[in-house]
Amino acid sequence: MPEVLDYQPLIISSKGFEEEPLTTVQQEILDLKKEKNAIILAHNYQVDAIQRIADYVGDSLGLSYKASEADADVILFCGVHFMAETAKIVNPDKTVILPDLEAGCSLSDSCPAEKLAAYKEANPGTYVVAYINCSAGVKALSDVICTSGNAAEIVQRIPKDKDILFVPDQNLGQWVAKQTSRKLKLWPGCCYAHVLFTVQSLEKLRAKFPGAPIVAHPECIETVRDLADEVCSTEKMLGFCKNTQSEDIIVVTESGMLNRLRREISGKNFIAGPTDTCACNDCRFMKMNTVEKMRDALKYLSPEIELKESIRQKAFVPIKRMLDWSR
Ligand code: 13P
Ligand code: SF4
């Protein structure tokens, strides 16, 4: 018997949703964007005030494509460091700025390049598949990159005789291994935010919304993924939420995603997946970006992403392979 809900669930509804007028800071950003010939790319986990004025809002895969096609002098990347770094790897001649350079990622931190280099040395011939949530140094040591949107597809394309190491997310890796029936060695990393969702926290919420389907990100732990009606990347969540007959949907990922869903899908209620201690789940790194920091980044073209050219060139190879393989 699930426990009674003892908190107010976070529900973001698109019923009757209307855009707020732009604020002075948002307007300043749009003016600076023109002046600097910039493009604004934002991840689905950014706050609504950022998503509202971005040229493109998407998941890591969509953002990688947009970055590779960007026709601008400046890319203002509203996401976390590894995402902006990826934009720089594919755009060495452009200025890539991130509103807050401290916006990191626990997954990326869990796999330092030196540790991966040591593993490869001890296990020669290993084929490394790196989830895009990793540093340029790790990408430079990898054979192919994947995102949560194409991971299974990428792994399927690897020749059957390869001994594959999947870094750095063990949860995504475990999910991909199941999807593809391929044997993967898993790096022991995880997203500190997604592992906070539990079966207990979801069952408690679902008791209040019995008909609501659950859509979860593959970075969640296995028992949560098993409970979900659908497991997919943030971009694919849009398709799931559009197509389901249900008006209420429980969305088990970072809560910024609800902003994107509300803006693009009308007439539905998006209920944030809760943790055991909170009605929703924010990534502290994603939420370091603010509109004020965006404005200042554009004004001063700083903080800028800088990369050693030798690393950039090596990191470009597996990214290009991913972009080619998943077109
Ligand atoms: P997506 O691949 O769905 O964009 O997710 C990225 C991420 O950081 C999830 O925590
Ligand atoms: Fe990294 Fe998790 Fe934040 Fe995504 S949600 S950026 S995986 S810490």
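The following refers to the structure shown. (Residues numbered from 1 in each chain as written. Chains lettered and ligands numbered in written order. Predicted model: local features only at pLDDT ≥ 70, side-chain atom pairs only at ≥ 80, totals over all residues. Heavy atoms only, no water.)

**Details of the sheet that holds strand β2 (residues 38-43)**
(1) Moving on: Across the sheet, which stays open at both edges, the 4 strands sit in the order β3-β2-β4-β5 with parallel pairing between neighbours. The open sheet is flanked by β3 (56-58) and β5 (95-97), the only strands paired with a single partner. Recorded for the sheet is a direction-independent mean angle of 20° between the axes of neighbouring strands. (Pairing = 2+ DSSP bridges. Helix = DSSP H or I, 4+ residues; strand = E, 2+ residues; numbered from the N terminus. Axes fitted to C-alpha atoms, helices over the stretch in contact; angles between N-to-C directions.)

**Here we look at the site of ligand 1**
(1) Moving on: Surveying the vicinity of ligand 1 reveals the residues H43, Y45, D59, S60, Y131, N133, S148, H194, H217, E219, S233 and T234.
(2) Moving on: Backbone polar atom of S60 to an oxygen atom of ligand 1: 2.9 Å apart, as the coordinates give it.
(3) Moving on: Within the contact set of ligand 1, an oxygen atom lies 2.8 Å away from a side-chain nitrogen or oxygen of E219.
(4) Moving on: Look at ligand 1: alone it shows 300 Å² of surface, and the protein chains cover 96% of it.
(5) Moving on: A per-class count over the shell around ligand 1 returns 2 nonpolar, 8 polar and 2 charged. (Near = heavy atom within 4 Å. Polar contact = N/O pair within 3.5 Å; in protein donor to acceptor, adjacent residues only side chain to side chain. Areas by Shrake-Rupley, 256 points an atom, 1.4 Å probe, with all protein chains shown as cover. Nonpolar A, V, L, I, M, F, W, Y, C, P; charged D, E, K, R; others polar.)

**Quick notes on the pattern of salt bridges**
(1) Moving on: Across all of its chains, the model carries 20 salt bridges by this definition.
(2) Moving on: R260 serves as the salt-bridge partner of E264, at 2.7 Å between the closest nitrogen and oxygen. With E264 and R260 both in helix α13 (residues 257-264) and 4 residues apart, this pair spans about one turn of that helix.
(3) Moving on: Since its relative accessible area comes to 40%, E264 is described here as partly exposed.
(4) Moving on: The exposure class assigned to R260 is buried, which follows from its relative accessible area of 7%.
(5) Moving on: What emerges from the salt-bridge pattern is a single network uniting E19, D48, R52, R262 and R263. (Salt bridge = Lys/Arg side-chain N within 4 Å of Asp/Glu carboxyl O. Buried < 20%, exposed > 50% of the residue type's maximum accessible area, 1.4 Å probe, protein only.)

**Digging into the site of ligand 2**
(1) Moving on: Every residue lining ligand 2 is accounted for by Y45, V80, C105, S106, L107, N133, C191, Y192, E219, C283, F285 and M286.
(2) Moving on: In a pocket analysis with a 2 Å cut-off to the grid points, ligand 2 is assigned to the largest cavity.
(3) Moving on: Partitioned by chemical class, the residues of the shell around ligand 2 number 9 nonpolar, 2 polar and 1 charged. (1 Å grid on protein atoms, 1.4 Å probe; cavity = no way out; pocket = protein on both sides within 12 Å on 5 of 7 lines; lining within 4 Å. Sits in = over half its atoms within 2 Å of the grid points.)

**Some points on the packing of aromatic side chains**
(1) Moving on: What the rule picks out here adds up to 2 aromatic pairs.
(2) Moving on: A centroid spacing of 6.5 Å and a plane angle of 70° characterise the contact between Y119 and W187, whose relative ring orientation is edge-to-face. Highlighted residues: Y119 in helix α6 (residues 113-122) and W187 in the loop between β9 (184-186) and α10 (199-206), separated in sequence by 68 residues.
(3) Moving on: Its relative accessible area of 22% is what places Y119 among the partly exposed residues.
(4) Moving on: Considering the side-chain rings of Y192 and F285, the 6.0 Å spacing of their centres and the 90° angle between planes classify their relative orientation as edge-to-face. Placement of the pair is Y192 in the loop between β9 and α10 and F285 in the loop between β13 (269-272) and α14 (291-300), with a sequence separation of 93 residues.
(5) Moving on: The side chain of R284 reaches across the aromatic face of Y192, ending 4.3 Å from its centre. (Phe/Tyr/Trp six-rings, centres within 6.5 Å; stacked < 30°, edge-to-face > 60°. Lys NZ or Arg CZ within 6 Å of the ring centre and 35° of its normal.)

**Re the pairing of strand β8 (residues 164-167)**
(1) Moving on: With burial as the criterion, each face of β8 is covered, one bearing I164 and F166 and the other bearing L165 and V167.
(2) Moving on: Judged from the 4 bridges that link them, strand β6 (residues 127-131) and β8 form a sheet pairing that is parallel. When the bridges of β8 are listed, V128 appears paired with L165.
(3) Moving on: As defined by bridge partners, β8 adjoins β9 across 3 bridges and the pair is classed as parallel. Across the sheet, the residue bridging to L165 is K185, located in β9.

**A short note on the nonpolar core**
(1) Moving on: With 94 residues, the main nonpolar core has V129, V167, V251, V252 and L261 as its most contacted residues.
(2) Moving on: Residues in contact with V251, not counting those within four places in the same chain, are V215, M237, M257, L258, L261, F270, I271, A272 and G273.
(3) Moving on: A38, A42, C78 and A297 belong to the second-largest nonpolar core, a separate cluster that totals 18 residues. (Core = buried A, V, L, I, M, F, W, Y, C linked by side-chain atoms within 4.5 Å. Contact = heavy atoms within 4.5 Å.)

**Focus: the side chain of E85**
(1) Moving on: Topologically, E85 is positioned in helix α4 (residues 81-90).
(2) Moving on: Within the structure, E85 has its side chain in polar contact with the backbone nitrogen of A136 (distance 2.8 Å).

**Description of α14**
(1) Moving on: Residues of α14 that are buried include every one of V291, M294, R295, A297 and L298, and no others. The buried residues of α14 occupy one face: seen down the axis, they fall within an arc of 165°.
(2) Moving on: At its buried positions, α14 is contacted by α1 (24-36), β2, α2 (48-51), β4 (74-78) and β5.
(3) Moving on: Directly beyond the C-terminal end of α14, a positive phi value near 50° is found at L301. (Arc of directions from axis to C-beta.)

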